[in-house]
Amino acid sequence: VAKLTLTRVRGFFTRSAGMLSAAFAVFWLLKTYNFDLTPAYDGRFGMLGAIGRAAAFVFAPAGFGFWQACVALLCGFMAKESIVGMLAVITGATGAALSEELALMFTPASALSFLVFVLLYTPCVSTLRAMTEELKSRRRALFYTLRQLIIAYVISVIVYQAVSLVTLRL
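The following paragraphs examine the structure supplied in this document. What you are looking at is a predicted structure, and each value in this text was computed from that prediction instead of being measured.

Some details on the packing of aromatic side chains
Under the defined criterion, the tally for this structure stands at 10 aromatic pairs. Ring geometry for phenylalanine 59 versus phenylalanine 117: centroids 5.4 Å apart, planes at 80°, classification edge-to-face. Residue phenylalanine 59 is located in the loop between helix 2 (46-55) and helix 3 (67-76), and its partner phenylalanine 117 is located in helix 6 (residues 108-120); the two are separated by 58 residues in the primary sequence. Given the relative accessible area of 3%, phenylalanine 117 is considered buried. Seen in terms of ring centroids, phenylalanine 64 and phenylalanine 114 are 5.1 Å apart; in terms of plane orientation they differ by 85°. Their pairing is edge-to-face. Of this pair, phenylalanine 64 sits in the loop between helix 2 and helix 3 while phenylalanine 114 is found in helix 6, placing the two residues 50 residues apart along the sequence. No difference in accessibility class separates phenylalanine 64 from phenylalanine 114, as the two residues are buried. Cluster of aromatic residues (ring-pair linked, three or more members): Phe59, Phe64, Phe66, Phe106, Phe114, Phe117, Tyr121 and Tyr153. Its guanidinium or amino end placed over the ring of phenylalanine 45, lysine 31 lies 5.1 Å from that ring's centre, counting from NZ or CZ.

Here you go:
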């Protein structure tokens, strides 16, 4: 059993390493360059920031309709552990300073909604690849992925609206 487990884990990491490397390279390019392929030195995160700003309105009902949260969520699609790291990169803060920056960005209701969304939304790219292989169908994997996104969105909107309503009455 241990040998079979080790073989499968090694295979998973071997297949995922290439995909993750390519995904992070794409994210680096999107962060570093604008759409006209000039370097993005202005702190607006190039194409990645523009994509985040364009998608921000979608998340406004969930309380985190700002580009920084959207960019962190996109990065979290590569690896959920990187969400906080991306927020640190965006704000340029670490430790206690990062906590202060995040407190300026998020209200308690929006922070809770964001956390709920992160816990429920699509797993990372490596998991999606494994799911596609296990299901032997890209269509079914896409269906499950979209279903997870919709569930995460609806529940995070409900959480944000409910917590906001309760805090207003207090």
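What about the layout of surface pockets?
In this structure, the largest pocket encloses a volume near 220 Å³. Taken together, Ile51, Gly52, Ala55, Phe59, Cys70, Leu73, Leu74, Phe77, Phe117, Tyr121, Thr122 and Leu149 form the lining of the largest pocket. Elements that contribute at least two residues to the lining of the largest pocket include exactly helix 2 and helix 3. A breakdown of the residues in the lining of the largest pocket according to their chemical character gives 10 nonpolar, 2 polar and no charged.

What to know about helix 3
Summarising burial for helix 3: 9 of the 10 residues are buried, a large majority. Among the residues of helix 3, those classed as buried are Trp67, Gln68, Ala69, Cys70, Val71, Ala72, Leu73, Cys75 and Gly76.

Thresholds, definitions, all that
- Each chain carries its own residue numbering, running from 1 in the written order of its sequence.
- In keeping with the model being predicted, local features are shown solely for residues with a pLDDT of at least 70 and side-chain atom pairs are shown and tallied solely at 80 or more, while totals for entire chains, interfaces and linings include all residues.
- Side-chain calculation: all heavy atoms of the structure are included, whereas hydrogens and water are not.
- In this analysis, rings of Phe, Tyr and Trp, with Trp reduced to its six-membered ring, are considered paired at centre separations within 6.5 Å, and the interplanar angle assigns stacked below 30 degrees, edge-to-face beyond 60, and tilted for intermediate values.
- In this text, helices come from DSSP runs of H or I with a minimum length of four residues, and strands from runs of E with a minimum of two, each type numbered from the N-terminal end.
- Each residue is assigned to one of three classes by its accessible area relative to the maximum for its type, calculated with a 1.4 Å probe on protein chains only: buried under 20%, partly exposed between the two thresholds, exposed over 50%.
- A ring is scored as having a charge over it whenever the NZ atom of a lysine or the CZ atom of an arginine sits within 6 Å of its centre and within 35 degrees of its normal.
- Only protein atoms enter the 1 Å grid used here. Points where a 1.4 Å probe fits but cannot escape make up a cavity, open sets with protein on both sides within 12 Å along at least five of seven lines make up a pocket, and a residue lines them when an atom lies within 4 Å of a point.
- Grid points are joined across faces, edges and corners, and a volume is the space filled by probe spheres set on the points.
- Residues are grouped as follows: Ala, Val, Leu, Ile, Met, Phe, Trp, Tyr, Cys and Pro are nonpolar; Asp, Glu, Lys and Arg are charged; all remaining types, including Gly, are polar.

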